[in-house]
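Chain by chain, the residues run as shown.
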Amino acid sequence: MENELLHPFVSIIVPVYNTVEYVEECIQSILSQTYENIELILVNDGSTDGSGEICKKYEHLPNVSYFEQCNSGVVVSRKRGVSEAHGEWIMFMDSDDLLLEDGVQQIMLLSSGVDIVIGIHEGNTSLLKAPNYFEWDEYLYGLYLKRIHSAVWAKLFKRELFENCSQAFEYKITRAEDALMNLAIGSVNRKKVSICRNAIYQYRKRESSATHTFKYSFDYCERLSLIADSLVKGLFSADMELRGGINWRMFYYKMALAENDFQGDNHHPFVKGIISRMNEARVLRLSDRMILYVSNRHAVRACLFLSKFVRRIEIPSLFLKVFDRLRKKILINVCR
């Protein structure tokens, strides 16, 4: 009892699907944590490559639980993991990634008085200049604007959030399920969100993962956007919702372009909807409009290239950053 007061119990949930080459290393990275009051929950989502057999080697350990299910997707696996968890706090991992040895310790040090702590993976510098905390609405809006990373790993969630959020695992989709879960959880959180600037996680990119095999389509992006809109509806002003929706849609539109050989479609309802929102919000966003108005892949590529320069004019701070980098390079060369 005293240990749980000083060191709250953390459940680490790992959905497992065909990661036989990596899952053991993942498990060992969790079991070797410097923070000891943890449990590992492995949910085998119908693996066919021997991943399950590797997981079973560890189920005899007192702090490891192993469950099997027919292949149902990562959302169902996470939901199962939360339902089986005993911890006050919840963390998620992908079964091909690694948790740095003091990862849980680092993030738990910042958990007092909050229900969400967000960390970063190795090589990610996005939060280095962030404040110590985000206000709850600042965090949620940052997710909607796609300015705060939307992965569920490298984050710590109070279990109560899932108990109060019926939509956390409602959307059984192939990609961007992390983004929707974060929005859903963020929409019920009313406490500040703590920020851990130290890397706690090692993310491994694999070409065979769903992230790399399933390509975004404009129809899929429209579906994602409508769900995201519904999750934040009524929590911000109408103007903020409009502008946030534009950012969300442009993020996924550019993803879809990159994954489909840059073939646009300026007649698609998704594209027309973005332009309509820009007009309603009375924002110019020339760097984005020039991409939306063309369909030919060569024209799209050219506009994407040009938009980088236009955006620096639209947002002077970006231009100043580039100028500052060039100035530093010149100074270094002069001093040599």
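Residues numbered from 1 in each chain as written. Predicted model: local features only at pLDDT ≥ 70, side-chain atom pairs only at ≥ 80, totals over all residues. Heavy atoms only, no water.

Here we take up the pairing of strand β9 (residues 193–202). Pairing of strand β5 (residues 98–99) with β9 involves 2 bridges; the strand directions are antiparallel. By the bridge assignment for β9, L98 is matched with Q202. Judged from the 5 bridges that link them, strand β6 (residues 116–121) and β9 form a sheet pairing that is parallel. For I120, the partnering residue across the bridge sits in β9 and is A199. Taken together, the 2 bridges between strand β7 (residues 133–134) and β9 define a ladder with antiparallel strand orientation. (Pairing = 2+ DSSP bridges. Helix = DSSP H or I, 4+ residues; strand = E, 2+ residues; numbered from the N terminus.)

So, on to empty space enclosed by the protein. The full count for this structure, using the stated rule, is 1 cavity of 30 Å³ or more. Volume-wise, the largest cavity comes out at about 50 Å³. Around the largest cavity sit V75, R78, A168, F169, Y171, E177, L180 and M181, which together line it. Secondary-structure elements contributing two or more residues to the lining of the largest cavity are α4 (74–84) and α8 (177–188). Per-element accounting of the lining of the largest cavity gives the leading share, 3 residues, to α8. Here the residues of the lining of the largest cavity are counted per class, giving 6 nonpolar, no polar and 2 charged. (1 Å grid on protein atoms, 1.4 Å probe; cavity = no way out; pocket = protein on both sides within 12 Å on 5 of 7 lines; lining within 4 Å. Points joined across faces, edges and corners; volume = space filled by probe spheres on them. Nonpolar A, V, L, I, M, F, W, Y, C, P; charged D, E, K, R; others polar.)

Over its 15 residues, helix α10 (residues 218–232) extends 21 Å from the first C-alpha to the last, a length consistent with the 21 Å expected when each residue adds 1.5 Å. Buried within α10 we find F218, Y220, C221, L224, S225, I227, A228, D229, L231 and V232. Buried residues along α10 sit against α6 (136–144), α8, α11 (238–259) and α12 (269–281). In the segment just after α10, G234 is the residue with positive phi, at about 85 degrees. (Expected span 1.5 Å × (residues − 1). Buried < 20%, exposed > 50% of the residue type's maximum accessible area, 1.4 Å probe, protein only. Contact = heavy atoms within 4.5 Å.)

Turning next to the nonpolar core. Grouped burial of nonpolar side chains is what soluble globular proteins tend to show. Residues F92, F162 and Y253 are the most contacted members of the largest nonpolar core, which totals 75 residues. The residues touching F162, leaving out its near neighbours within four places in the chain, are V82, I90, F92, F157, A168, F169, M181 and I185. Counting residues in hydrophobic clusters, the runner-up holds 33 residues, among them V23, L40, M93 and M108. (Core = buried A, V, L, I, M, F, W, Y, C linked by side-chain atoms within 4.5 Å.)

Turning to the environment of F169, a few remarks are in order. Tracing the sequence through the fold places F169 in the loop between α7 (159–163) and α8. Each residue touching F169, except ones within four places of it in the same chain, is listed here: V75, R78, K79, V82, F92, F162 and M181.

For the rest of this paragraph, the subject is unusual backbone geometry. Located in the positive-phi region is A154, a residue other than glycine, with phi close to 65 degrees. Here A154 shows up in the loop between α6 and β8 (155–158). In the Ramachandran plot, F262 falls in the positive-phi region, its phi being about 65 degrees despite a non-glycine side chain. Checked against the element boundaries, F262 lands in the loop between α11 and α12.

Compared with an ideal rise of 1.5 Å per residue, which puts 13 residues at 18 Å, α12 spans 18 Å between its outermost C-alpha atoms and is within 8% of the ideal. Check the buried side of α12 and you find it contacts α10, α11 and α13 (286–292).

Enumeration according to the criterion identifies 19 salt bridges in this entry. Among the salt bridges present, the one from E25 reaches R204, with a minimum N-O distance of 3.3 Å. Of this pair, E25 sits in helix α2 (residues 23–31) while R204 sits in the loop between β9 and α9 (210–213), and the two are 179 residues apart along the sequence. Classification of R204 as partly exposed rests on a relative accessible area of 21%. Residue D229 is joined to R249 by a salt bridge in which the shortest nitrogen-to-oxygen separation is 2.5 Å. Placement of the pair is D229 in helix α10 and R249 in helix α11, with a sequence separation of 20 residues. Grouping residues by exposure puts D229 and R249 together as buried. Members of the salt-bridge network, linked through shared partners, are E88, D115, K158 and K191. (Salt bridge = Lys/Arg side-chain N within 4 Å of Asp/Glu carboxyl O.)

A contiguous nonpolar patch, built from F305, L306 and F309 and spanning about 310 Å² of accessible area, is present on the exposed surface. With respect to the helices and strands, the residue F305 is situated in helix α14 (residues 297–314). (Patch = residues over 30% accessible without salt bridge, like charges linked within 9 Å, V, L, I, M, F, W, Y side chains within 5 Å. Areas by Shrake-Rupley, 256 points an atom, 1.4 Å probe, with all protein chains shown as cover.)

Here D45 is to be found in strand β2 (residues 38–45). We note that D45 is buried and unpaired, the nearest opposite charge coming from R80 at a distance of 8.8 Å. A distance of 2.7 Å separates the side chain of D45 from the backbone nitrogen of S72, its partner in a polar contact. Each residue touching D45, except ones within four places of it in the same chain, is listed here: V16, Y17, Q69, C70, N71, S72, G73, V74 and S77. (Lys, Arg positive; Asp, Glu negative; His and termini not counted. Polar contact = N/O pair within 3.5 Å; in protein donor to acceptor, adjacent residues only side chain to side chain.)

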